[in-house]
Amino acid sequence: APTVLKVGDHYCYYYSLSILNDDNPGIGVATSPTPYGPFRHYGKILDSTTSGIRNSIDPVAHYDSDGKLYLIWGSFFGIGAVELTDDGTEVFYGMDNMKDHVKHLIKNTSGDKMNLDVNYEGSYIIEKDNNYYYLGSQGTCLSGTDSTYRVKVGKSDSLFGPYYGSDNKALDDLDGSFGNLVVGPSDDVAGTGHNSVIQDYNGDYYLIYHGYDKEGEYPTERTLFMDKLLWDENDMPYVENRSASIRKNKVGPLTIDF
């Protein structure tokens, strides 16, 4: 679950530095002068022990409106954020006292046992009209065409939350709806989640994510999807029909060749 971001005069490639069922997963970073590589491994930025975020995978880097660079990460046991150095390769405060500076965007509501339906992974944040939108995935993604993965969203006036759904409940409120549905499984596509967002030259936003094409040639392998984000009466994003468009001709994002 990597992400690449331009930081100064180079590109940083953030990735999950872990193995399956890792007791202490972490986030690594590699750098390159171009977005295409070659990327040189720089080192480990953090892990679960140093950060206090139990399942420290799924990184995404985000420049806030104050110009500071933050790393956001976590998987089903809470989502954390911490400021990075100007070159994007280390935690600004160092690893020794990192826990004192980690912001908890979403608290761990899973307890000691992973609960795929009340917590999130695959985080992504966009800013629009002075609002922050947290998009994260819930459910299963490794069960093929039975996968329940879905993208939910919450809105905040701060990068660090709390993020609320249209029910005015925070995403980590066990009495709420855990945000608004952006895209979810349908009769045609299962396991829709782990998204990123791009904005085109028209200013429109597009959700990029994966899912299982139930009627496709390889239904047990994940396929890449892209759908335009629409905005409801509460200014919350969603895709048309809240399901993946497939085998349809649609207008895509406006790009410019240089």
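Residues numbered from 1 in each chain as written. Predicted model: local features only at pLDDT ≥ 70, side-chain atom pairs only at ≥ 80, totals over all residues. Heavy atoms only, no water.

Colleague: Before we go on, may I ask you to explain the layout of surface pockets in this structure?
Modeller: A probe matching the size of a water molecule, rolled over the atoms, marks out where space remains unfilled. Counted as a void, the largest pocket has a volume near 730 Å³. Lining the largest pocket are 26 residues, with Leu-20, Asn-55, Ile-57, Ser-75 and Glu-121 positioned closest to its centre. The wall of the second largest pocket is formed by 16 residues, among which Ala-1, Pro-2, His-194, Asn-195 and Ser-196 lie closest to the centre. Listed by contribution, the elements that provide at least two residues to the lining of the second largest pocket are strand S9 (121-128), strand S13 (189-199) and strand S14 (205-213). (1 Å grid on protein atoms, 1.4 Å probe; cavity = no way out; pocket = protein on both sides within 12 Å on 5 of 7 lines; lining within 4 Å. Points joined across faces, edges and corners; volume = space filled by probe spheres on them. Helix = DSSP H or I, 4+ residues; strand = E, 2+ residues; numbered from the N terminus.)

Colleague: I keep staring at unusual backbone geometry and nothing clicks. Help me out?
Modeller: Peptide bonds are mostly trans, and most non-glycine residues show a negative phi. Residue Pro-38 follows Gly-37 across a cis peptide bond; omega there is 5°. The residue Pro-38 is located in the loop between strand S3 (26-32) and strand S4 (40-47) in this model. Omega for the peptide link from Gly-161 to Pro-162 comes to 0°, which places this bond in the cis form. Tracing the backbone shows Pro-162 in the loop between strand S11 (150-156) and strand S12 (180-183). Of note in this structure, Asp-58 is not a glycine but carries a positive phi near 60°. Judged by relative accessible area, which is 6%, Asp-58 ranks as buried. Of note, the phi angle at Arg-242 is positive, near 55°, even though the residue is not glycine. On the basis of relative accessible area, Arg-242 is assigned to the partly exposed category, the value being 32%. (Buried < 20%, exposed > 50% of the residue type's maximum accessible area, 1.4 Å probe, protein only.)

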